[in-house]
Amino acid sequence: MLLGDVESTGEQALLMRHGEAALAADVVVSGHHGSRSSSSAALVDATLPQAVIHSVGHRNSFGHPHPLVWARWADAGARNWRTDSQGAVEAVFAADAEAGVSLTAQRLREPRYWHGR
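Please read these numbers as outputs of a predicted model, since none were measured by experiment. Sequence order sets the numbering: in each chain, residues are counted from 1 along the sequence as written. The predicted origin of the model limits local features to residues at a pLDDT of at least 70 and limits the giving and counting of side-chain atom pairs to 80 or more, whereas totals for whole chains, interfaces and linings rest on all residues. Side-chain calculation: all heavy atoms of the structure are included, whereas hydrogens and water are not.

A. Broad picture of the sheet that holds strand β2 (residues 51–54). By this definition, two strands are paired if DSSP reports at least two bridges between them. A run of DSSP states H or I qualifies as a helix once it reaches four residues; a run of E qualifies as a strand once it reaches two. Both are numbered from the N-terminal end. Taken in spatial order, the 3 strands line up as β1-β2-β3 in an open sheet, and their pairing is parallel. Looking along the sheet, the strands with just one partner apiece sit at the ends: β1 (27–29) and β3 (79–82). Within this sheet the neighbouring strands show an average axis-to-axis angle of 20°, counted without direction. All axes are obtained by fitting lines to C-alpha atoms, using only the stretch in contact for helices, and the reported angles, taken between N-to-C directions, cover 0 to 180 degrees.

Pasting the structure below:
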């Protein structure tokens, strides 16, 4: 589920329009970069993804993702990923729905040569 810059009021509108069951997702890209005004408890409970990706810039001045948002997703059982420290995050969805999804990050696949020195 790609939420773009939706905040909690937009999330509530999604829930009202489609219902919780329709919003289940394997992977969510957090709304508004994981800001405190997004990823409401109601949305997290409706989606219950395996993973959440926070698309944030290196040294972003807003401090995204917000620690409360990070904790909310983690408490729901989702693994948190963040593009500022892990690079591009790739989600590969299996053709068989039961096989699920696998995620990896660019910096895990190809760490910079000077890391670990």
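Once the structure has been displayed, the description carries forward.
B. Representation of the packing of aromatic side chains within the structure. Classification of ring pairs rests on two measures: the distance between centres of Phe, Tyr or Trp rings, Trp counted by its six-membered ring, which must be within 6.5 Å, and the angle between planes, read as stacked under 30 degrees, edge-to-face over 60 and tilted in between. Counted by the stated rule, this structure contains 0 aromatic pairs. Here the basic side chain of Arg79 rests over the ring of Trp81, its NZ or CZ set 4.0 Å away from the ring centre. Geometrically, a charge over a ring is one whose NZ (Lys) or CZ (Arg) sits within 6 Å of the ring centre while staying within 35 degrees of the ring normal.

C. Summary view of the nonpolar core. The biggest cluster of nonpolar side chains holds 13 residues, and the ones touching the most others in it are Leu3, Leu23, Val28, Leu43, Val52 and Trp73. When contributions to this core are tallied by element, the ones reaching two or more residues are α2 (41–47) and α3 (67–75). With 3 residues, α2 is the largest single contributor of residues to this core. Two residues qualify as a contact provided that any one of their heavy atoms is within 4.5 Å of a heavy atom in the partner residue. If we skip the residues at most four places from it in the chain, Val28 touches Met1, Leu3, Thr47, Pro49, Ala51, Val52, Ile53 and Trp73. Side-chain atoms within 4.5 Å link the members of a nonpolar core, which is a set of buried Ala, Val, Leu, Ile, Met, Phe, Trp, Tyr and Cys residues. To sort residues, take the accessible area from a 1.4 Å probe on protein chains only and compare it with the maximum for the residue type: under 20% means buried, over 50% means exposed, and anything in between is partly exposed.

D. Fine view of the pattern of salt bridges. Salt bridges are defined by distance alone: a side-chain nitrogen of Lys or Arg within 4 Å of a carboxyl oxygen of Asp or Glu. Counted according to the given criterion, the structure contains 2 salt bridges. Residue Glu90 is joined to Arg109 by a salt bridge in which the shortest nitrogen-to-oxygen separation is 3.6 Å. Pair noted here: Glu90 is in strand β4 (residues 89–93) and Arg109 is in helix α5 (residues 106–109), with a separation of 19 residues, a long-range link. For Glu90, a relative accessible area of 39% translates into the label partly exposed.

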